[in-house]
Amino acid sequence: MGDLVIGARSGAGEPEGPGRRAARSAESATSSASAEDAAAQTAGGQGGGGPEDSPDSPHAGAEPAAGSESEAPSQSPKQRSFWKELPILIGIALILALVIKTFFVQAFSIPSESMQNTLQVGDRVLVDKLTPWFGAEPERGEVVVFHDPGGWLNDEPTPQSSNSFLRGVQDVLSFVGLMPSANEKDLIKRVIAVGGDTVECEGEGPVKVNGVALDEPYVYQGNTPCGDHPFGPVEVPKDRIWVMGDHRANSLDSRFHMDQPGGGTVPVDNVIGRAFVVAWPVSHWSTLSVPDTFDQPGLAVDAPMAPPAAGAVGAVALLPLVRRVRSRVEHRKES
């Protein structure tokens, strides 16, 4: 009885002998095996024992790919806001406009009726400023913009807006060439004669350049070629031009400044450039070409003599070469 009672209470009080350690080890192994069997049964119950759970299944033992998160494509850099790029775009546009205005093309506004009907008040013309940089000089028949040579615009008011904000905007836009300047006193006229020419207009005309009469279809309807101010003959000095407006009765051009230095002529250095197109308004769009009357034979003083003179100079220069070739040919014949 005593043994049964002791055994029923607990085996903990028994001494730790070799036999007891072996029994505990076997008991632990049995417990581990039972736990593994239970886990296997649980897994089998969840998987339903389907073929995909068999060892031959391609999904058997599959593990998630290592580093899958690191291999995901990185997000593209966030684009800059349009409002942040806008000031940069405006700055680039202003710099380009300033460069174009300084070296290539500039817009000018027509302030008066002196060039009617070729140009109307308020027209915007584009002026070529590039070719003068390469030494090109104004030619007869061209419409040019030039700085006041002195005293031509003394009585002309400078048109400016009464609104200070609008004046500031106009100053900025005119600085970069997007608007005509209200401060610069420039004029626009047609070139009639250049340096070395003799120009005159007697009575009602026509205007003559180097003795050749000009047919001027561009003169304002109802005007005479001389207007009300006949002149000449005037010999145009070198590097200067004689200019006249197309509205001869309403143009204070070279005819009205013959008492000033230069005798009414304009220095070539004062010429900003040639107006080549009416850009605004769209309804007035047109090109400003040179009229055919300025292509007449004999209009240029040096034109008739230039080809013969050039031919004579060329013949003299080639004479030694011709003699040398002829002597070689004769020498070969003799040999």
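Residues numbered from 1 in each chain as written. Predicted model: local features only at pLDDT ≥ 70, side-chain atom pairs only at ≥ 80, totals over all residues. Heavy atoms only, no water.

Things to note about the overall build of the chain
Within the chain one finds five helices and 12 strands. The 335 residues of the chain split such that 27% are buried. Expressed as a percentage of contacts within the chain between residues at least 6 apart in sequence, the contacts between residues at least 24 apart total 71%. When the accessible surface of the chain is split by element, carbon and sulfur atoms take 57% of a total near 22,300 Å². (Helix = DSSP H or I, 4+ residues; strand = E, 2+ residues; numbered from the N terminus. Buried < 20%, exposed > 50% of the residue type's maximum accessible area, 1.4 Å probe, protein only. Contact = heavy atoms within 4.5 Å. Areas by Shrake-Rupley, 256 points an atom, 1.4 Å probe, with all protein chains shown as cover.)

Comments concerning a nonpolar patch on the surface
On the surface, Phe104, Leu130, Trp133 and Phe134 cluster together into a nonpolar patch covering about 480 Å² of accessible area. The topology assignment puts Leu130 in the loop between β2 (124-128) and β3 (143-147). A residue is classified by how much of its surface remains accessible, and Leu130, at 31% relative accessible area, is partly exposed. (Patch = residues over 30% accessible without salt bridge, like charges linked within 9 Å, V, L, I, M, F, W, Y side chains within 5 Å. Salt bridge = Lys/Arg side-chain N within 4 Å of Asp/Glu carboxyl O.)

As for the pattern of salt bridges
Counted by the stated rule, this structure contains five salt bridges. Residue Glu216 pairs with Arg248 through a salt bridge whose shortest N-O separation is 2.9 Å. Highlighted residues: Glu216 in the loop between β7 (212-213) and β8 (231-235) and Arg248 in the loop between β9 (240-244) and β10 (266-267), separated in sequence by 32 residues. Across the pair Arg255 and Asp253 runs a salt bridge whose closest N-O atoms are separated by 2.8 Å. An identical accessibility class is assigned to Arg255 and Asp253; each is buried.

Side note on the pairing of strand β5 (residues 198-201)
One face of the sheet, then the other: side chains in a regular strand alternate in exactly this way. Relative to β8, β5 runs antiparallel, the two sharing three bridges. What sits directly across from Thr198, in β8, is Glu235. Of the strand pairs in this sheet, β5 and strand β6 (residues 207-209) are connected by three bridges, and their pairing is antiparallel. By the bridge assignment, Glu200 is partnered in β6 with Lys208. Where β5 folds back onto β6 in an antiparallel hairpin, the turn is made up of five residues, including Gly203, whose phi is positive at roughly 60°. (Pairing = 2+ DSSP bridges.)

What to know about the layout of surface pockets
Approximately 220 Å³ is the volume attributed to the second largest pocket. Every residue lining the second largest pocket is counted, 14 residues in all, and those nearest its centre are Thr131, Pro132, Ala136, Glu137 and Pro138. Counting residues per element, the lining of the second largest pocket draws most heavily on strand β11 (residues 271-280), which supplies three residues. Per-class residue counts for the lining of the second largest pocket are six nonpolar, three polar and five charged. (1 Å grid on protein atoms, 1.4 Å probe; cavity = no way out; pocket = protein on both sides within 12 Å on 5 of 7 lines; lining within 4 Å. Points joined across faces, edges and corners; volume = space filled by probe spheres on them. Nonpolar A, V, L, I, M, F, W, Y, C, P; charged D, E, K, R; others polar.)

Some words on the environment of Gln106
Of note, Gln106 is situated in strand β1 (residues 105-109). Taking the relative accessible area as the measure of exposure, Gln106 reaches 5% and is therefore buried. Spatially, the C-alpha atoms of Gln106 and Gly273 are 9.0 Å apart, while their sequence positions differ by 167 residues. Within polar-contact distance, the side chain of Gln106 engages the side chain of Lys129 at 2.9 Å. (Polar contact = N/O pair within 3.5 Å; in protein donor to acceptor, adjacent residues only side chain to side chain.)

Quick word on the confidence of the model for the chain
The predicted structure's coordinates, where accompanied by low pLDDT, should not be read in detail. Averaged over the chain, the pLDDT score is 73; the fraction of residues at 70 or greater is 55%. Long-range and interchain partners of residues 57-62, a stretch whose pLDDT sits below 50, account for five contacts in this model, where long-range means more than four residues apart. A low-confidence stretch, residues 303-316 stays under pLDDT 50, and its non-local contacts, those more than four residues away or across chains, total zero contacts. (pLDDT = per-residue confidence, 0-100.)

Quick notes on unusual backbone geometry
If a residue is not glycine, its phi is most likely negative; likewise, a peptide bond is most likely trans. That bond from Gln116 to Asn117 is cis: its omega, 0°, falls within 30 degrees of zero. Phi is positive for Asn210, close to 55°, though the residue is something other than glycine. By the element assignment, Asn210 lies in the loop between β6 and β7. Non-glycine residue Asp239 carries a positive phi angle of around 65°. Its location among the elements puts Asp239 in the loop between β8 and β9. Judged by its relative accessible area of 42%, Asp239 is partly exposed.

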